[in-house]
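# Structural features, examined
If you want the building blocks of each chain, they are given just below.
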Amino acid sequence: MSTTNSATAAWLTQEAFDRLKAELDHLSGAGRAEIVQKIEAARQEGDLKENGGYHAAKEEQGKIEARIRQLTVLLRDAQVGEAPADDGIVEPGMLVVAKIAGDEERFLLGSREIAGDSDIDVFSEKSPLGAAIIGHKEGDKLSYTAPNGKEITVEIVSAKPYSA
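Labelled according to an unreviewed UniProt entry, the protein appears under the name Transcription elongation factor GreA, originating from Paenarthrobacter ureafaciens.

Now the structure itself:
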């Protein structure tokens, strides 16, 4: 379950990995069974062309299958590890406060899946910002080139391990 040199591997805490694995297990088992029952019940209602319940159930089935595929790939390629050390060095799993082009921003560096239901902003370590700040520490000032070609200045204010 752990890969260390995969270019596509997402870093996840063990807690996030376990939560996502439980979601995948539910969707693959009980979730699929529930949607099959909904589709069959809607099919019994008659003409499928004008059956809103049937079409809604089929759409829900498509979303579930897409999420199953997404979770399968994510968990297969995930790099699972302990929360990063509280040493002020920016790495995946850190809650970062940075002044970006003069504005103070607070975000999680890593995978959206680590944050769960939190509404915190998340930047991938593979994003231009993430790639620029990874390995830097509190107090560091740097700049990076954004996708639009602009040079953006960044100052790392703090970096602490994220906890949900």
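### Looking at the sheet that holds strand S7 (residues 151-161)
On the basis of which strands lie adjacent, the open sheet formed by 5 strands has the order S5-S4-S3-S7-S6 and mixed pairing. Here the strands that pair on one side only, and so sit at the sheet edges, are strand S5 (121-123) and strand S6 (141-145). Neighbour-to-neighbour, the strand axes of the sheet open up by a mean angle of 45°, direction not taken into account. Of the strand pairs in this sheet, strand S3 (residues 94-100) and S7 are connected by 7 bridges, and their pairing is antiparallel. For Val96, the partnering residue across the bridge sits in S7 and is Ala159.

### Focus: the UniProt feature "domain: Transcription elongation factor GreA/GreB C-terminal" (unreviewed entry) in the protein
Mapped onto this numbering, the UniProt entry annotates "domain: Transcription elongation factor GreA/GreB C-terminal" (unreviewed entry) at residues 88-160. Helix makes up 14% of residues 88-160 and strand 44%, whereas the separation of the span's terminal C-alpha atoms amounts to 6 Å.

### Here we look at the nonpolar core
Leu12, Leu20, Leu75, Leu108, Ile114, Ile120 and Tyr162 are the most contacted members of the largest nonpolar core, which has 25 residues in total. Elements with a minimum of two residues in this core: strand S1 (11-13), helix H1 (14-43), helix H2 (52-77) and helix H3 (112-115). Considering each element in turn, this core owes the most residues, 8 residues, to H1. Contact partners of Ile120, with chain neighbours within four places excluded, come to Leu95, Arg106, Phe107, Leu108, Arg112, Ala115 and Tyr162. Of all hydrophobic cores here, the second largest spans 17 residues; its members include Leu109, Ile133, Leu142 and Ile156.

### With respect to the pairing of S3
Extensive coverage of S3 is indicated by the burial of 6 of its 7 residues. Taken together, the 7 bridges between S3 and strand S4 (residues 103-109) define a ladder with antiparallel strand orientation. Of the residues in S4, the one forming a bridge with Ile100 is Asp103. Between S3 and S4, which pair antiparallel one after the other, the connecting turn spans 2 residues, and Ala101 there sits at a positive phi close to 50°.

### Some points on unusual backbone geometry
Phi is positive for Ala101, close to 50°, though the residue is something other than glycine. Turning to its location among the elements, Ala101 is positioned in the loop between S3 and S4. According to the relative accessible area criterion, Ala101 is exposed, its value standing at 52%.

The rules we used
Residues numbered from 1 in each chain as written. Predicted model: local features only at pLDDT ≥ 70, side-chain atom pairs only at ≥ 80, totals over all residues. Heavy atoms only, no water. Pairing = 2+ DSSP bridges. Helix = DSSP H or I, 4+ residues; strand = E, 2+ residues; numbered from the N terminus. Axes fitted to C-alpha atoms, helices over the stretch in contact; angles between N-to-C directions. UniProt positions renumbered as here; feature names shortened; annotations may be inferred. Core = buried A, V, L, I, M, F, W, Y, C linked by side-chain atoms within 4.5 Å. Buried < 20%, exposed > 50% of the residue type's maximum accessible area, 1.4 Å probe, protein only. Contact = heavy atoms within 4.5 Å.

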